[in-house]
Amino acid sequence: MVISKVQKQLLKWGLVLAVIGIIVYTFRDSAGPILEQLTKTSPAVVIGICLMAAVYQIIEGIITTVLAKQYRSSFACKNGITNAFLCSFYRVATLGSGSGVAAIIYLGEQGIEYGGGFGLYMIQYALHKMSIALFSAILFVMNWEFMKSWFGDYAGLLAGGYAVTLVITIGLFLFCCSKKFHRLIFRLLDIVNQKFHGRFEIMEAEIKRQCMMLEDASKHLLKNKKATTGVIFLCLLKCCFWYGIPYLLFKGVQFQGNPALTLSQVLAITSLSVMLAAVIPSPAGIGSTEFVFTTLFAGIVGTGMAGSASLLYRFGTFVFPFLVGTVVVIVRYIRRKKMSAHSQT
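So, here's what we can say about the structure. Here the structure is a predicted model, which is why all the values come from computation and not from measurement.

On to the environment of Phe89, then. The topology assignment puts Phe89 in helix H4 (residues 77–93). As for Phe89 and Val329, which are separated by 240 residues in sequence, their C-alpha atoms are 8.0 Å apart.

What follows covers the packing of aromatic side chains. Counted according to the given criterion, the structure contains 11 aromatic pairs. Between the aromatic rings of Phe140 and Trp144, the centroid separation amounts to 5.7 Å while the plane-to-plane angle is 65°, which identifies the pairing as edge-to-face. On the accessibility criterion, Phe140 (12% relative accessible area) is buried. Put simply, the rings of Phe250, Phe293, Phe297 and Tyr313 pair up and form one aromatic cluster. The cationic tip of Lys208 hangs over the ring face of Phe186; the distance from NZ or CZ to the ring centre is 5.7 Å. In this arrangement the basic side chain of Arg314 is found over the ring face of Phe318, its NZ or CZ atom lying 4.4 Å from the centre.

Moving on: the side chain of Ser310. For Ser310, the location among the structural elements is in helix H15 (residues 303–344). Residue classification places Ser310 among the buried positions, given a relative accessible area of 4%. Apart from the residues lying within four places of it in its own chain, the contact partners of Ser310 are Glu290, Phe293 and Thr294.

On to the pattern of salt bridges, then. Per the counting criterion, the structure on display carries seven salt bridges. Here Glu290 makes a salt bridge to Arg314, at a shortest N to O gap of 2.3 Å. Remark: Arg314 occurs in helix H15 and Glu290 occurs in helix H14 (residues 288–301); sequence separation between them is 24 residues. Of the two residues, Glu290 and Arg314, neither departs from the other in class, the shared state being buried.

The rules behind each value
- Residues numbered from 1 in each chain as written.
- Predicted model: local features only at pLDDT ≥ 70, side-chain atom pairs only at ≥ 80, totals over all residues.
- Heavy atoms only, no water.
- Helix = DSSP H or I, 4+ residues; strand = E, 2+ residues; numbered from the N terminus.
- Phe/Tyr/Trp six-rings, centres within 6.5 Å; stacked < 30°, edge-to-face > 60°.
- Buried < 20%, exposed > 50% of the residue type's maximum accessible area, 1.4 Å probe, protein only.
- Lys NZ or Arg CZ within 6 Å of the ring centre and 35° of its normal.
- Contact = heavy atoms within 4.5 Å.
- Salt bridge = Lys/Arg side-chain N within 4 Å of Asp/Glu carboxyl O.

Structural data, given as structure tokens:
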């Protein structure tokens, strides 16, 4: 089937309109409150939030660079940072489902073949999930008396949240690295496929192919213990910048007769809220993080202040990276158009 230029243009603009529609849907309830909160917040705090959000993305880009260099030594840090902001854009534009695809495509453009890009993204994601749980556990222990006094009544729920996160993290690592786990999956797929008379044969073959790619990638990426340790450290470091955002609002302020929150305490509560929100199903984490964040902080700083901090946190971790990512997408599009026009002359 030959597609005409008109049909290509219609398809392209149809996709653009679909992306715009998803973006509007994503921000339909939060855009107004976030903008209103930004106007009420001092410029210094807003700038601080933007800087902390930017540093997080830069560290994320460095992590990608460390892993990608094991496939292609010429992969530059700017490529890793570009990839981080592209993922931030497509996380919003596709409700979370397209960021991985965007990363794999971009890595492919930089000379990393599909299998390597797929494995790199999955392993980086698994390390990211592990770092969230590890960071939260470390900060919880560091602030044990404080956390126990405020959230001791919810010990069962918190333990359940840590348990679910642990199971998800172990599952991710088994899926990425374990041959035995893959063989178990293959046996189950064979049983299901035989029971349904080969109806899922194509799906089974694709899952097996992806598992083999992950095995190859894990061997290649995790064999360098020094690089792996460095990536885990960077994952923990980047958490400090996102989870420290609320401290810019709470610093030095006493709420409801309670002592002012320390940076360590804010990091502990915020990391706990992110970890718990991660086990609540929602598109791209939209809504769940704000709910858990506000619930945990409300008893300490009051519902109004917790709600305000939640909006600013969402701006720093979701909106700002998306806006920068939008600029990156537009700049890349303009460059491609210029290169295409130059090659035709």
